[in-house]
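Here is what each chain is made of, one letter per residue.
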Amino acid sequence: MISTIGITIEAPPELVFDLARDVERWPRLLPHYLSVRVEGREGDALVARFVARRELVPLLGIGVPVAWRARAWAEPDRRQLRFVHRGGATAGMQVRWLIEPAPGGCRVTIVHDHRPRVAAWAVIVDRLVTRHVAGRTLGTFKAIAEAVAP
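Computed from a prediction, not measured in an experiment: that's the story for all the values here.

Cut-offs and rules
Residues numbered from 1 in each chain as written. Predicted model: local features only at pLDDT ≥ 70, side-chain atom pairs only at ≥ 80, totals over all residues. Heavy atoms only, no water. Pairing = 2+ DSSP bridges. Helix = DSSP H or I, 4+ residues; strand = E, 2+ residues; numbered from the N terminus. Axes fitted to C-alpha atoms, helices over the stretch in contact; angles between N-to-C directions. Contact = heavy atoms within 4.5 Å. Phe/Tyr/Trp six-rings, centres within 6.5 Å; stacked < 30°, edge-to-face > 60°. Buried < 20%, exposed > 50% of the residue type's maximum accessible area, 1.4 Å probe, protein only. Lys NZ or Arg CZ within 6 Å of the ring centre and 35° of its normal. Salt bridge = Lys/Arg side-chain N within 4 Å of Asp/Glu carboxyl O. Lys, Arg positive; Asp, Glu negative; His and termini not counted. Arc of directions from axis to C-beta.

**Overview of the sheet that holds strand β5 (residues 80-85)**
With respect to topology, seven strands assemble into an open sheet ordered β1-β7-β6-β5-β4-β3-β2, the strand pairing being antiparallel. Taken across any chain shown, the strands that pair with only one partner, and hence form the sheet edges, are β1 (2-9) and β2 (33-42). Adjacent strand axes in the sheet meet at a mean angle of 25 degrees, parallel and antiparallel pairs treated alike. In the packing of helix α1 (residues 13-21) onto the sheet, the strands contacted are β1, β4 (62-75), β5, β6 (94-102) and β7 (105-113), and the crossing angle to β6 comes to about 155 degrees. The sheet strands contacting helix α3 (residues 119-148) are β1, β2, β3 (45-57), β4, β6 and β7, and the helix crosses β1 at an angle near 20 degrees.

Right under this line is the structure:
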């Protein structure tokens, strides 16, 4: 299953890429990210355990932690971020962030390619977790980038 989610940000694509590329800093920038723990490095990539909160009742701050392990790297010449999930409910998921120029700023699109043995599992994960966490991530990066953009 391939799922995409995107947002238009009124800030230069280089600024958005620079904010997003340092995944070790995400818990300081994104309130729904609880931790990013680096487990190792493989060339220009890092392998890390990510933990984010999937809100269930936003007004009350009630949520559940969701965790995954991934190999992550940036492709600066293309302004892309790449992730390959290793193990757990999202094992094998490939994620690509595309940060492209657009009128007035940029368009950020996240493509999730998840092909588990049971296809319905990808739909469940996408609807209950992936879209929610990715949507909050994009919304928060939009707010930060637009606040600091020249």
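**Quick look at the packing of aromatic side chains**
This structure, assessed with the given rule, holds nine aromatic pairs. Relative to Y33, the ring of W26 lies with its centre 5.3 Å away and its plane at 80 degrees, an arrangement referred to as edge-to-face. Consider the rings of W26 and F141, whose centres lie 5.9 Å apart with planes at 70 degrees: the pair is edge-to-face. On the criterion of sequence distance, the pair formed by W26 in helix α2 (residues 26-29) and F141 in helix α3 is long-range, its members being 115 residues apart. On the basis of relative accessible area, W26 is assigned to the buried category, the value being 2%. Put simply, the rings of W26, Y33, F50, W68, F83, W97 and F141 touch in pairs and so form one group of aromatic residues. One residue, R71, lies across the ring of W73, its end atom 4.6 Å from the ring centre.

**Describing the pattern of salt bridges**
Inspection of every chain in the model, using the stated rule, returns 14 salt bridges. Across the pair E42 and R86 runs a salt bridge, and its minimum N-O distance is 3.0 Å. With E42 in strand β2 and R86 in the loop between β5 and β6, this pair connects stretches of sequence that are 44 residues apart. Looking at E42, the relative accessible area reads 33%, which means it is partly exposed.

**Points about the pairing of β1**
Judged by which residues are buried, β1 turns out to be one-sided: S3, I5, I7 and I9 face inward and are buried, whereas I2, T4, G6 and T8, on the alternate face, are not. In the sheet, β1 pairs with β7 via eight bridges, with the strands oriented antiparallel. Its bridge partner being in β7, I5 is matched across the sheet by I110.

**Side note on the side chain of R54**
Structurally, R54 is set in strand β3. Nearest to the buried, unbridged R54 among oppositely charged side chains is E55, at 7.3 Å.

**Quick notes on α1**
One turn of an α-helix holds 3.6 residues; hence residues three or four places apart share an orientation. When α1 is considered as a whole, its buried residues turn out to be P13, V16, F17, L19 and A20. In an axial view of α1, the angular spread of the buried residues amounts to 165 degrees, which keeps them on one side of the axis.

**Quick word on the environment of A91**
If you trace the backbone, A91 turns up in the loop between β5 and β6. The partly exposed category is assigned to A91, whose relative accessible area is 37%. On a C-alpha basis, the gap between A91 and A134 in space is 17 Å, while along the polypeptide they are 43 residues apart. Excluding its chain neighbours within four sequence positions, the residues that come into contact with A91 are H85 and H114.

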